[in-house]
Structure formats: structure tokens, C-alpha cells
Amino acid sequence: MADRKHVVIVGAGFGGVRLAKELAKENVRITLVDRHNYHLFQPLLYQVTTAVLSPAEIAYPTREFFKNFKNVEFFLAKATGVDQARRVLQTDHGEISYDYLVLSAGGTTNFFGNASVERNSYAMKTLQEAITLRSHIVHEFERASKKTAPAQTDERRRHLNFVIVGGGATGIEMAGALMELIDVFKKEFHSLDFNEVNVTLLEAMGSVLPMVPPDLQQHTIDVLRKKGVNVRLNTAVTGYDGNDLTLKDGEVIPTKTVIWAAGVRAQDFIKDCGGVDRAGRVIVEENLLVKGSDRVFAIGDCASFLHGDMKRPLPTVAPVATQEAVQVKQNIMALIAGKTPDQLGKFVYHDLGAMATIGKGEAVMNGPMPVLGFNLKASGFFAWIAWMFVHLIRLAGKYSDFTVSVKWIWNF
């Protein structure tokens, strides 16, 4: 054991777990560090928020992945910094020395420096945030149901006004799921006039879901509007005090609930690990080494990969992280074998396409089909079935696969 190289991986997300699984088969010692002792399936967080799924169905014990691999240790701690000169990872539970370090710490919500929005809105990047938001939404309906007097109309409507900021996959999926939750509440809150309930989706750009073609973007908007969502494009937020949301044009929207799904940035400590982009993601070379380092790699949401003719860094999605993990495993083993950084393999991302669900029986998908020589573009029920299948095969745990599929079919 003593002569084994020590690989430390920060983050038990999609990339970190995949890398640990790959390296577990090699003659190396691995320490996987995360501040939670479970692997979170973030793409389904919004379904915890809207009470479709339970927290346990999207949170899988990290140690369970590696119970048969004696060379993998899990270390419960929050990473706080990296001392590359001393080759140690700094955490809130002490330092961990490494031979090779892989930063796979994921991302957190990007409020773009807007302190009032950060202080008063609801994010949806962690399990705790999803549970808190779920409780808040239910309590807003409870509070509104108690304010029945005519003089309380404005305050009641403030409780029933829900605003989602961000037209990416998270915002779209949350908007559709929230409308379905409201349909359930219509049968349960007998004293409420549901004509007063309003769900608004705000997007600062001129379109939603930038990763799919324009016709699918428009289809998404049409479906949401048919469900009752007020979709507003080219609408930017400037502030939120917990009662009133202020837009760039000066308009004020009275609301107790702002769900922020407008951006992702790297964890704070990442900015001290090397050069970073404007989202705080550490810049990596084509071999995924942090720029200027010969033994620190970065993958996933905390890494900024921008090379060749790319116009923007690779997106913060699971396929990027898992594919990068495979390349990093190969490169670490090459370094151990005596190769130099300039001899390492270069990462090439194979785009698997994009998909998003808009609610029961509705989704959009667009992905390359190399064998057929064209893109598979679809919407509606077929895309929804494909979306369910893809998410089920990525979900950790056979029990969760069964219960989640049963719940989805039952809800449909």
C-alpha cells in the first residue's frame, strides 16, 4: 500500500464517482472527498421540490459505490483550498496529501453579484435547498388560504405569485412541474381561487434552452404557455427584497417566491487553484491539467475547457464530466508510468445531445446520431419516454430505478 500513488478526488458528483470507479481497478490509492456522504442526482432535484420524488430516491450513499474496493477511501469534509507547492488539499477537517489531485467539485448557484437576489431568492443546487423550497411553496398556499378578506387580496396574490428566473433546463423543468403541483393543490385547497395563482418564467436572453434548435425552443415556450406559465423573454432582474422583484425596465412584480435557476459558477476555493474564467471555473489544458500544473487536474462543472475552434467552454452537464473522468484516468496512469504532461492524451468531447422535460408526456430532445448521419430531433411523448429512459439508466441504485419509474408511470 505504501508504494501506491495517492490520487485525491474532490467531489462525489458524476465526474468524481466515475473517475474513482475507473481508478479503483488500478494499483493506486484513492481518497474521495465530499462534504456530503451521498451522490446527488441533481437533474431530478426539481422533482423533489415539487414532491414527485423523495430525497432518498435521488441521493445514493457514496460509500456504497466502493464497498468492494479496498483501495478507495471516502473522506467527509469540505474542501477549502489547495497548496500545490506542498501537494496538499486543505479541508475543514485537516489536510490531505496527494500525488495527483483531481478537482471535480461541481458548481453552485451563480447570482451574478446580485446580493439582494442571493439573500432572498431560492436556489436549487443542493438537496437541502430543494427540500426548503418544497416546504416554502406548500406554506405559501397555506398562508394564502388564511387571507380571505377582500382587504387582503393583494397580499394573498403575493403569496400565490411564483417567479422562476432562468430559461435553461432547470428553469423549464421546474416551471412545468410546478404547474402540475398546482393542479394537485386545486383539489386540496378549497377556499382558494386558483385564477389568482400565477407562475412566471423570466429569461434575460431572447430564447429558452439554448442547447436545442429554435423550433424546439418555440415548442417549449408554446407548451409552457398552454400549461398556464407566463413566459417572458428579454427580461432581466435587477433586485429582490423578499416581497417585490424588480426588473431592468423598472417593473415590479409582487411575490414571496423567486426561484433562481439562471446560472452556475464554481465553488469558491477553485479560484485559488489556477487561472479562472468569469464563472470562476479553473482553466484547463487540452489534457485536462490545470494550467501551469503537472499533477492537478480539473473536470466537470468546476473546469473551463475551451480549445480549438470552440466559441465557449464545454457546458456544465453530466456527460462532459463523465467523459473527462475517463480521459483523466488514462492521463494519471500515463504520468505514473513515466510520461510527461506534453505526452498525455488530449480530451475530445463527444456530444450526446440535449433534452429537457416540460411536464407529463412532454419533452424536447436533440442529439447526434453518427450511425444514421443526422440529428435525432423530437418533441412530445416520444421525447418524454426517451428522457425518462436516459435518466433512469443514470440513476444510482436498483431500488431507486424501480420506485422512480413506478411513480412516473403512476403520475402519468
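Before reading further, recall that the structure is shown in the block above.
What counts, and where the lines are drawn
Residues numbered from 1 in each chain as written. Predicted model: local features only at pLDDT ≥ 70, side-chain atom pairs only at ≥ 80, totals over all residues. Heavy atoms only, no water. Axes fitted to C-alpha atoms, helices over the stretch in contact; angles between N-to-C directions. Helix = DSSP H or I, 4+ residues; strand = E, 2+ residues; numbered from the N terminus. Left-handed = near helix turned anticlockwise from the far one by under 90°. Contact = heavy atoms within 4.5 Å. Buried < 20%, exposed > 50% of the residue type's maximum accessible area, 1.4 Å probe, protein only. Right-handed = clockwise from strand over helix to strand, strands pointing away. Pairing = 2+ DSSP bridges. Phe/Tyr/Trp six-rings, centres within 6.5 Å; stacked < 30°, edge-to-face > 60°. Polar contact = N/O pair within 3.5 Å; in protein donor to acceptor, adjacent residues only side chain to side chain. Parallel < 35°, antiparallel > 145°, perpendicular 65-115°, else oblique. Nonpolar A, V, L, I, M, F, W, Y, C, P; charged D, E, K, R; others polar. Core = buried A, V, L, I, M, F, W, Y, C linked by side-chain atoms within 4.5 Å. Salt bridge = Lys/Arg side-chain N within 4 Å of Asp/Glu carboxyl O.

**Q** What is the right way to look at the packing of helix H1 (residues 14-23) against helix H9 (residues 318-336) in this model?
**A** When two helices pack together, their arrangement is given by the angle between their axes and by how far apart the axes lie. Running from N to C, H1 and H9 point in directions that differ by 35°, and their axes come no closer than 8 Å. Seen from above, H1 lies across H9 with right-handed handedness. Residue-level contacts link Phe 14, Gly 15, Arg 18, Leu 19, Glu 22 and Leu 23 of H1 to Ala 318, Ala 321, Thr 322, Ala 325, Val 326, Val 328, Lys 329, Ile 332 and Met 333 of H9.

**Q** Honestly, the pairing of strand S2 (residues 28-34) in this entry has me stumped. Any pointers?
**A** Taken residue by residue, a regular strand's side chains alternate between the two faces of the sheet. With respect to burial, S2 is a largely interior element, 6 of its 7 residues being buried. Regarding the hand of the β-α-β motif, the stretch spanning strand S1 (residues 5-10), H1 and S2 is right-handed. Sheet topology places S2 next to strand S5 (residues 72-76); 5 bridges connect them, and they run parallel. In the sheet register, Thr 31 faces S5, and the bridge partner there is Glu 73.

**Q** Please explain the packing of aromatic side chains as it appears in this structure.
**A** Aromatic ring pairs are described here by two measures, namely the spacing of the ring centres and the angle between the planes. Taken as a whole, this structure holds 11 aromatic pairs when the rule is applied. Between Phe 185 and Phe 189, the aromatic rings sit 5.3 Å apart at their centres with planes inclined by 75°, giving edge-to-face as the arrangement. Neither residue differs from the other here; Phe 185 and Phe 189 are each classed as buried. Here the aromatic rings of Phe 305 and Phe 347 are separated by 5.5 Å at their centres, their planes lie at 90°, and the arrangement is edge-to-face. Note that Phe 305 is positioned in the loop between strand S21 (303-304) and H9 and Phe 347 in the loop between H9 and strand S22 (354-359), a separation of 42 residues in sequence. As far as the burial class goes, Phe 305 and Phe 347 line up, both buried. Members of the aromatic cluster, each reached through a chain of ring pairs, are Phe 141, Phe 162, Phe 185, Phe 189 and Phe 194.

**Q** What is the right way to read the sheet that holds strand S14 (residues 237-240) from this model?
**A** What links the strands of a sheet is backbone hydrogen bonding, and the strands pair in either a parallel or an antiparallel sense. Spatially, 3 strands are ordered S14-S15-S16 in an open sheet, and the strand pairing comes out antiparallel. With one partner strand each, in any of the chains shown, S14 and strand S16 (252-254) form the two edges of the open sheet. Pairwise comparison of adjacent strand axes, ignoring direction, gives a mean angle of 20° for this sheet. Strand direction decides the pairing type here: S14 and strand S15 (residues 244-247), joined by 3 bridges, are antiparallel. Residue pairing across strands places Tyr 240 opposite Leu 245, the latter belonging to S15.

**Q** Please clarify how the environment of Thr 200 should be interpreted in this entry.
**A** By secondary structure assignment, the location of Thr 200 is in strand S12 (residues 198-202). Considering only alpha carbons, one finds Thr 200 and Thr 340, 140 residues apart in sequence, at a separation of 53 Å. When residues no more than four places from it in sequence are discounted, the contact partners of Thr 200 are Asn 161, Phe 162, Val 163, Ile 164, Asn 230 and Arg 232. Of the polar contacts made by the side chain of Thr 200, one reaches the side chain of Asn 198; its length is 3.0 Å.

**Q** What am I meant to see in the packing of helix H7 (residues 169-185) against helix H8 (residues 214-227) here?
**A** The interhelical angle for the contact between H7 and H8, taken along N-to-C directions, is 25°, at an axis separation of 10 Å. Taken together, the axes of H7 and H8 lie roughly parallel to each other. The interaxial crossing formed by H7 with H8 has left-handed handedness. Residues Ile 172, Ala 175, Gly 176, Met 179 and Glu 180 of H7 lie in contact with H8, whose contacting residues are Thr 220, Leu 224 and Lys 227. A breakdown of the residues in the contact of H7 with H8 according to their chemical character gives 4 nonpolar, 2 polar and 2 charged.

**Q** Explain the nonpolar core to me, please; I cannot follow it from the model alone.
**A** The biggest cluster of nonpolar side chains holds 61 residues, and the ones touching the most others in it are Leu 44, Ile 58, Phe 141, Met 174 and Leu 178. It is H7 that contributes the most residues to this core, 9 residues altogether. Not counting the four nearest positions on each side in its chain, Leu 178 is found in contact with Thr 50, Ile 137, Phe 162, Ile 164 and Val 199. Ranked by size, the runner-up nonpolar core spans 57 residues in total, among them Leu 32, Ala 79, Leu 288 and Tyr 349.

**Q** Please clarify how the environment of Pro 254 should be interpreted in this entry.
**A** Tracing the backbone shows Pro 254 in strand S16. Those residues in contact with Pro 254 that sit more than four places away from it in its chain are Arg 158, Asn 161, Asn 243 and Asp 244.

**Q** Explanation requested: the pattern of salt bridges in the structure shown.
**A** Pairing is possible between side chains of opposite charge, provided their charged atoms come close. A complete count under the given rule lists 19 salt bridges for this structure. Note that Arg 156 is salt-bridged to Glu 196, the shortest N-O span being 2.8 Å. On the criterion of sequence distance, the pair formed by Arg 156 in helix H6 (residues 153-159) and Glu 196 in the loop between H7 and S12 is long-range, its members being 40 residues apart. Glu 196 matches Arg 156 in its accessibility class, with the two residues each being buried. It is possible to trace a salt-bridge network through shared partners that takes in Lys 147, Glu 155, Arg 158 and Asp 244.

**Q** So what exactly am I meant to see when it comes to unusual backbone geometry here?
**A** Leaving glycine out, the prevailing phi sign among residues is negative, and the prevailing peptide bond configuration is trans. The phi torsion at Phe 112 lies on the positive side, around 55°, for a residue other than glycine. Counting through the fold element by element, Phe 112 comes out in the loop between strand S10 (107-109) and helix H4 (115-120). For Asn 234, which is not glycine, the phi dihedral falls at a positive 50°. Along the chain, Asn 234 falls in the loop between strand S13 (229-232) and S14. Taking relative accessible area as the criterion, Asn 234 reaches 61% and is therefore assigned exposed.

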